[in-house]
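Residue-level structural notes
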Amino acid sequence: MKKLVRFGGSLVVVVLLLLATLRATGFEPRACPNVGESWTCQTPGLWLRGDPITTPVTDWSFTDAVPTIKVETQSPWLLPYSVAAWCATYNGSLYLTSYRGRRWTEDIISQPHVRLKIGDQLFEKDIVVVEDPAEKAAAIAAKARKYPTWKAPKVEAATVFRVVS
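Bear in mind the structure is a predicted one, so any value in this text is a computation, not a measurement.

Think of an α-helix as 3.6 residues a turn; residues three or four steps apart then line up on the same face. Taken residue by residue, helix α2 (residues 103-110) has Trp104, Thr105, Asp107 and Ile108 as its buried positions. For α2, the arc enclosing every buried residue in end-on projection is 160°, short of the 170-degree limit, so these residues lie on one face. Residues of α2 that are buried sit in contact with β2 (69-74), β3 (80-85), β5 (93-98), β6 (113-118), β7 (121-129) and β8 (159-164).

If you want it as structure tokens, here you go:
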């Protein structure tokens, strides 16, 4: 019994040290080159690191020059979950699109507070699901213009998020 308790205690210590190391290093997600948001090739991460930006953002069009941003969500297991994602702007607002069933999409729907890493800047923001079909269509069209090789989904099939400034 003592060996089992000692082993269990050692395992807890190793897991805590691993989590502390990952927290310190960030363990950010990586997207495959030239693939963008293809989930088949993406390596998700945990915590995002960067320079915190606390000033409100009224125009996200600076992201038009950024091919990929990183999104950190809160998973049900109390650990962050981060992915690299494509984004687009429409009327100065920042939009992300995805499909239901992806882990990060479901995380945002259940907990809409996220961290966005754009370049070296880190933004803590809330995200809302866009319900208006016209706004969804406009956001999808903006993303299709930014990423010409992306196959835009039907408006009804896509989940579109807008970052609240």
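This part takes up the confidence of the model for the chain. The pLDDT averaged across the chain works out to 87; a share of 82% of its residues lies at or above 70. Here residues 35-40 scores under 50 on pLDDT; set against residues more than four positions off or in separate chains, the count is 11 contacts.

This next bit is on the pairing of β6. Here is the key point about a regular strand: its side chains alternate between the two faces of the sheet. Burial analysis of β6 places 5 of its 6 residues in the buried class, the great majority of the element. Note: β2 against β6, 3 bridges, orientation antiparallel. Opposite Lys70, over in β6, you have Lys117 as the bridge partner. Looking at chain direction, β6 and β7 are connected through 6 bridges and run antiparallel. What sits directly across from Val114, in β7, is Lys125. Here β6 folds back onto β7 in antiparallel fashion, the turn holding 2 residues, of which Gly119 has a positive phi close to 65°.

It is worth spelling out the pairing of β2 at this point. The pairing of β2 with β3 spans 6 bridges and is classified as antiparallel. Bridge pairing links Thr73 to Tyr81 in β3.

Enumeration over the complete set of coordinates arrives at 7 salt bridges. Across the pair Glu124 and Arg115 runs a salt bridge whose closest N-O atoms are separated by 3.8 Å. For Arg162, the salt bridge identified is with Glu135, shortest N-O distance 2.5 Å. With Arg162 in strand β8 and Glu135 in helix α3 (residues 133-146), this residue pair connects regions lying 27 residues apart in the sequence. A relative accessible area of 25% places Arg162 in the partly exposed class.

What counts as what
- Residues numbered from 1 in each chain as written.
- Predicted model: local features only at pLDDT ≥ 70, side-chain atom pairs only at ≥ 80, totals over all residues.
- Heavy atoms only, no water.
- Buried < 20%, exposed > 50% of the residue type's maximum accessible area, 1.4 Å probe, protein only.
- Helix = DSSP H or I, 4+ residues; strand = E, 2+ residues; numbered from the N terminus.
- Arc of directions from axis to C-beta.
- Contact = heavy atoms within 4.5 Å.
- pLDDT = per-residue confidence, 0-100.
- Pairing = 2+ DSSP bridges.
- Salt bridge = Lys/Arg side-chain N within 4 Å of Asp/Glu carboxyl O.

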